[in-house]
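# Analysis of the macromolecular model
What follows is each chain in one-letter form.
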Amino acid sequence: MHDVINPATEEVIATVRPTSAEETDEAIVRAHEAWPSWRSVAPGERATLLRRFSDVVRDHAEELAQLEVANAGHTIGNARWEANNVANVLAYYAGAPERLFGRQIPVPGGIDMTFQEPIGVVGIIVPWNFPMPIAGWGFAPALAAGCTVVLKPAEVTPLTAIRLGELALEAGIPEHVLSILPGKGSVVGQRFVEHPLVRKIVFTGSTEVGEQIMAGAARQVKRVTLELGGKSANIVFADADLEKAAAAAPYGVFDNAGQDCCARSRILVQRSALDRFMELFEAAVAGVRVEDPTLETSEMGPLITRSHFETVAGFVPDDAPVAFRGTCPTGPGYWFPPTVLSPVAPGDRSFREEIFGPVVSVTSFEDEDEAIRLANATDFGLSGSIWTRDIGRGLRVSRGVETGTLSVNSHSSVRYWTPFGGFKKSGLGRELGPDALDAFTETKNVFINTED
Ligand code: NAD
């Protein structure tokens with residue numbers, strides 16, 4: 001049995017039995033058996049079932065949110081957004097089954113048409129940092145496309161996924177169409193990669209494990225979507241509204257205690273504005289409310305586990321260039337204060353590696369070219385922000401930065417109706433947005449001879 005621990009109190013809140021390799025294989029076979037009938041549910045009916053699933057999730061949003069606060073230490077405000085995000089994503093992709101169009105292509109001697117065929121059983125592997133949304137971004141479009149799903153939550157955060165599986169049944173999604181299999185990556189996740197009846201893997205997690213999954217999947221030419229790490233830049237030009245940029249900067253990196261693949265964990269500030277920005281930023285960091293995540297006022301909770309706390313702390317040794325820090329509770333829980341490192345050189349470990357905690361590095365730059373070069377001086381390319389009043393510059397720099405999801409004068413990354421994913425080692429493929437079903441379908445071309 002696996003103890004599930006509340007990271008804000010260190011109390012055991014549940015025990016979960018991990019799924020064995022044999023049980024995983026059985027679930028995959030059942031998902032494969034359930035596939036022919038699920039794919040042949042009429043489009044309008046599949047849409048109705050997904051809409052009902054969305055409604056049931058929304059009806060249980062508060063319960064799901066409370067569960068996530070207890071399991072992952074997310075602030076209650078964030079957790080409510082996350083539960084509703086699952087409902088929204090389901091509602092959005094409920095519009096997809098009737099719009100899963102093929103094409104008719106002019107050819108001589110007959111008619112040529114394409115079909116978008118569901119790929120089969122999809123294995124979804126979820127990390128611990130956003131257990132609900134990341135599960136939903138995978139299963140909603142997969143189910144809409146007519147695939148069946150086996151889903152493995154992260155070892156330390158299985159509770160909301162297990163509950164979503166129950167709610168799917170309550171909404172009328174047939175048995176074995178969406179199966180939740182809590183357990184180890186090296187057991188359940190590994191079987192998803194190895195089992196030939198799993199035709200596609202959607203993996204969100206570290207780049208290291210993502211590389212292993214891609215290598216394993218290659219043996220069967222198994223399709224993969226990978227959403228991996230990040231080291232995103234928040235680029236602040238001197239012509240920006242510095243008050244706004246500085247006030248928003250803590251929330252671009254410390255949200256979810258920095259355990260966010262889109263965290264803007266490098267702040268690049270134009271040299272002439274550095275002193276003023278740091279003054280304003282210090283006041284903004286001091287104002288971040290790091291406290292009991294059940295409180296409505298809480299803006300940041302604890303880190304997920306003791307071992308993750310040690311990893312994050314390893315990036316702030318005694319001789320680290322700490323410019324200033326925020327505050328956090330003492331006592332039980334894996335609390336780490338918002339921490340600002342400056343100056344940090346591009347070769348430094350904290351500039352290059354994903355910390356996945358509330359630690360941000362500040363570096364200065366001279367001009368647009370240097371800003372783009374520094375932003376791109378990383379293996380990752382997931383997200384980023386640009387602060388400037390010059391829209392031409394905002395667009396030029398957006399085109400120059402090699403990342404998948406950028407925002408100008410804001411830190412927004414994710415809207416379920418726009419595409420999301422990374423360049424370089426941040427991933428492969430895109431989730432969300434209007435084209436997400438492409439990742440769960442194969443294009444089939446059929447020619448019909450009309451001549452003889
Ligand atoms: P992780 O790679 O350790 O684990 C992710 C999942 O993979 C877990 O469910 C784990 O059990 C499973 N797993 C581990 N080893 C496996 C194996 N050999 N085979 C199959 N599955 C295996 O990552 P994590 O620590 O849970 O999550 C943090 C990482 O996820 C960070 O790097 C973060 O940037 C990344 N992330 C990326 C995105 C994105 O959309 N790009 C979103 C969230 C998190």
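Scroll up to find the structure.
Heads up: these notes are all about the structure in this document. It should be emphasised that the depicted structure is a prediction, and the values quoted were computed from it without experimental measurement.

Conventions and cut-offs
- Residues numbered from 1 in each chain as written.
- Predicted model: local features only at pLDDT ≥ 70, side-chain atom pairs only at ≥ 80, totals over all residues.
- Heavy atoms only, no water.
- Salt bridge = Lys/Arg side-chain N within 4 Å of Asp/Glu carboxyl O.
- Helix = DSSP H or I, 4+ residues; strand = E, 2+ residues; numbered from the N terminus.
- Buried < 20%, exposed > 50% of the residue type's maximum accessible area, 1.4 Å probe, protein only.
- Near = heavy atom within 4 Å.
- Polar contact = N/O pair within 3.5 Å; in protein donor to acceptor, adjacent residues only side chain to side chain.
- Areas by Shrake-Rupley, 256 points an atom, 1.4 Å probe, with all protein chains shown as cover.
- Nonpolar A, V, L, I, M, F, W, Y, C, P; charged D, E, K, R; others polar.
- Domains from an automatic or database assignment.
- Pairing = 2+ DSSP bridges.
- Axes fitted to C-alpha atoms, helices over the stretch in contact; angles between N-to-C directions.
- Disulfide = S-S within 2.5 Å.
- Contact = heavy atoms within 4.5 Å.

## Observations concerning the pattern of salt bridges
- One pass over the full model with this rule turns up 26 salt bridges.
- A salt bridge links Glu63 to Arg163; the nearest nitrogen and oxygen atoms lie 2.4 Å apart. One end of the pair, Glu63, is in helix 3 (residues 61-72); the other, Arg163, is in helix 6 (residues 159-170), with 100 residues separating them in the sequence.
- Assessed through its relative accessible area of 33%, Glu63 is described here as partly exposed.
- The partner of Arg373 in a salt bridge is Glu370, and the shortest N-O contact between them spans 3.7 Å. A residue pair is termed a helical-turn pair when its members lie 3 or 4 positions apart in one helix, as Arg373 and Glu370 do in helix 13 (residues 368-375) at three residues.
- For Arg373, a relative accessible area of 54% corresponds to the exposed category.
- Ionic contacts of the salt-bridge type, sharing partners, join the residues Asp239, Glu368, Arg393 and Arg396 into one network.

## Focus: the site of the ligand
- Residues in close proximity to the ligand total 28 residues, the closest being Val126, Glu155, Ser206, Leu228 and Glu354.
- For the ligand, an oxygen atom lies 3.0 Å from a polar atom in the side chain of Trp128.
- Lys152 places a side-chain nitrogen or oxygen 2.8 Å from an oxygen atom of the ligand.
- Burial of the ligand by the protein amounts to 89% of the accessible area it has alone, namely 840 Å².
- Looking at the shell around the ligand, the elements with two or more residues in it are helix 7 (185-194), strand 8 (198-204) and helix 8 (207-218).
- Split into classes, the residues belonging to the shell around the ligand amount to 15 nonpolar, nine polar and four charged.
- Split by domain, the residues of the shell around the ligand number at least three in each of domain 1 (2-228 + 426-449) and domain 2 (233-415).

## Notes on the sheet that holds strand 3 (residues 104-107)
- Strand order in the open sheet formed by three strands is 3-4-18, and the pairing between neighbours is antiparallel. The sheet terminates laterally at strand 3 and strand 18 (441-449), the two strands that pair on one side only. Neighbour-to-neighbour, the strand axes of the sheet open up by a mean angle of 25°, direction not taken into account.

## Looking at the state of the cysteines
- In this structure the tally under the stated criterion is zero disulfides.
- Cysteine Cys262 remains unbridged, with the sulfur of Cys261 as its closest cysteine sulfur at 4.1 Å.

## Brief notes about the side chain of Asn256
- Take Asn256: it is sitting in the loop between helix 9 (242-253) and strand 11 (266-270).
- On the basis of relative accessibility, which here comes to 6%, the residue Asn256 falls in the buried class.
- Within the structure, Asn256 has its side chain in polar contact with the side chain of His74 (distance 3.1 Å).
- Not counting residues up to four positions away in its chain, the partners in contact with Asn256 are His74, Asn78, Asn129 and Phe130.

## Topic: the side chain of Thr388
- Examined against the element boundaries, Thr388 turns out to sit in the loop between strand 15 (384-387) and helix 14 (391-400).
- You can call Thr388 buried: its relative accessible area is 1%.
- At 3.0 Å, the side chain of Thr388 forms a polar contact with the backbone nitrogen of Asp390.
- Ignoring sequence-local partners within four residues, the contact set of Thr388 consists of Phe237, Asp239, Ala240, Arg393, Gly394 and Asn409.

## Observations regarding the sheet that holds strand 11
- Ordered by their spatial adjacency, seven strands build an open sheet running 12-13-14-11-10-15-16, and the pairing between neighbours is mixed. Here the strands that pair on one side only, and so sit at the sheet edges, are strand 12 (322-325) and strand 16 (407-408).
- Bridging between strand 15 and strand 16 involves two bridges; their strand directions are parallel. In the strand pairing of strand 16, Ser385 is matched with Ser407.

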